[in-house]
Amino acid sequence: MLVERAYAKINLTLDVLGKRQDGYHSVDMVMQTLDLSDLLWMEEMDQDAVIVDATAPHIPLDHRNLAVAAAELFRERSGIRRGLRLKIEKNIPVAAGLAGGSADAAAVLRGLNRLWQTGYSLDELADMGAEIGSDVPFCVYGGAAVASGRGERIHRFTHSLRAFVVLTRPPVFVSTADVYEATLPEQYASAPASPRMVKALQEGDLERVRQAYTNGLMATTFRLYPEVRALADRIRTVTGQPVYMSGSGPTLYLLLPTQSQAQRTYNALRGFIRDVHLCRFTPV
Ligand code: ATP
């Protein structure tokens, strides 16, 4: 039996560059993992199957669960057909733009590689992960990276900024597909913001990170789901801080330089929202 952590990610930039022949959009994004994580317990069992149990009510417990899909794929690729019991201790808000499912899948790939001593490199695990979903390769590595293509092409980089993040998941269901479809070509970026963001992170300059932030889906999410916009406005008014969105939302977050400012912001948000988390960039 072993346990592996699955880290949530936020988008520090998300530029939509165009629509591809295959129906996907080409994107360019700076992603960063947070120390907000699920725990994935993996244990062998006699029965030739993969079964999963989770502490969260709203996630599928069959092959649609990305952790199960990852285990099935790993068993097929490695030829190791041992039975597996998975348990997901869910802390990452679900369907939030935080890549919780993808992070779980990535953690299963890393965990089974340890459990069964298969010796795959991270690059090989990331290639496997791309077959499960566009965000899985980034989640295999964690840390910070520029993701391009559909989000599956990963260019990792290092930096030493360990900013504090206060995030909240508004109780609104956002359809990622609808948001992409409703994003107009005039909202596509002519050039990605990622080089500026990478530079700001590497200079350790949180003010520049805030200036370099961009999300080409935010206007569309706000238009389709006015409750998300209303909450973002309220958070901005209460805290006096800029408010950002991860992925297609609905998660909203703030970036703070110190623990004490983050704690004050957390307390302020907890006054009127239930689902609030105080976390930090993972070390890169
Ligand atoms: P992304 O940022 O990659 O778009 P997300 O954070 O918006 O992902 P997830 O938390 O991954 O979304 O959940 C999206 C959907 O995937 C959920 O509605 C859920 O039914 C399904 N799902 C499948 N496996 C999992 C899992 N292990 N954890 C959470 N959701 C999962």
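Residues numbered from 1 in each chain as written. Predicted model: local features only at pLDDT ≥ 70, side-chain atom pairs only at ≥ 80, totals over all residues. Heavy atoms only, no water.

Student: I'd like a description of the pattern of salt bridges, backed by residues and values.
Tutor: A full pass over the atoms with the stated rule returns 17 salt bridges. With its nearest N and O atoms 3.4 Å apart, the salt bridge here joins Glu181 to Lys19. Taken together, the positions of Glu181 in helix H5 (residues 176-182) and Lys19 in strand E1 (residues 2-19) put the pair 162 residues apart, joining distant regions of the chain. When its relative accessible area of 51% is taken as the criterion, Glu181 is described as exposed. For Asp48, the salt bridge identified is with Arg75, shortest N-O distance 3.1 Å. Of this pair, Asp48 sits in the loop between strand E2 (25-45) and strand E3 (50-54) while Arg75 sits in helix H1 (residues 66-78); the two residues are 27 residues apart in sequence, bridging distant segments of the chain. (Salt bridge = Lys/Arg side-chain N within 4 Å of Asp/Glu carboxyl O. Helix = DSSP H or I, 4+ residues; strand = E, 2+ residues; numbered from the N terminus. Buried < 20%, exposed > 50% of the residue type's maximum accessible area, 1.4 Å probe, protein only.)

Student: Describe the site of the ligand, naming the residues involved and giving the relevant values.
Tutor: Around the ligand there are 19 residues in total, and Ala95, Ala99, Gly101, Asp104 and Asp135 lie nearest to it. Burial of the ligand by the protein amounts to 78% of the accessible area it has alone, namely 620 Å². In terms of residues, the shell around the ligand owes the most to one element, helix H2 (residues 100-115), which gives 4 residues. Taken together, the residues of the shell around the ligand sort by class into 9 nonpolar, 5 polar and 5 charged. (Near = heavy atom within 4 Å. Areas by Shrake-Rupley, 256 points an atom, 1.4 Å probe, with all protein chains shown as cover. Nonpolar A, V, L, I, M, F, W, Y, C, P; charged D, E, K, R; others polar.)

Student: Talk me through the state of the cysteines; I want residue IDs and the actual numbers.
Tutor: In the structure shown here, the tally under the stated rule is 0 disulfides. Of all cysteine sulfurs, the one in Cys279 lies closest to Cys139, which takes part in no disulfide; the gap is 14 Å. (Disulfide = S-S within 2.5 Å.)

Student: A description of H1 should follow, citing residues and the corresponding values.
Tutor: For H1, built from 13 residues, the straight-helix expectation of 18 Å at 1.5 Å per residue is met to within 8% by its first-to-last C-alpha distance of 18 Å. Listing the buried residues of H1 in full gives Ala67, Val68, Ala70, Ala71, Leu73, Phe74, Arg75 and Ser78. Taking the backbone nitrogen of Ala67 as reference, a side-chain oxygen 2.9 Å away marks Asn65 as the first, capping residue of H1. Looking one or two residues past H1, Gly79 carries a phi angle of roughly 75°, positive in sign. (Expected span 1.5 Å × (residues − 1). Polar contact = N/O pair within 3.5 Å; in protein donor to acceptor, adjacent residues only side chain to side chain.)

Student: Which residues make up the pairing of E2, and what values do they have?
Tutor: Taken across its 21 residues, E2 has 16 buried, putting it largely inside the fold. For E1 and E2, the ladder comprises 15 bridges, and the chain directions are antiparallel. Looking across to E2, one finds that Glu4 is bridged to Leu40. Linking two consecutive strands that pair antiparallel, namely E1 and E2, is a turn of 5 residues; a positive phi of about 95° is found at Gly23 within it. Pairing geometry for E2 and strand E4 (residues 83-89), over 7 bridges, is antiparallel. Looking across to E4, one finds that Trp41 is bridged to Lys87. (Pairing = 2+ DSSP bridges.)

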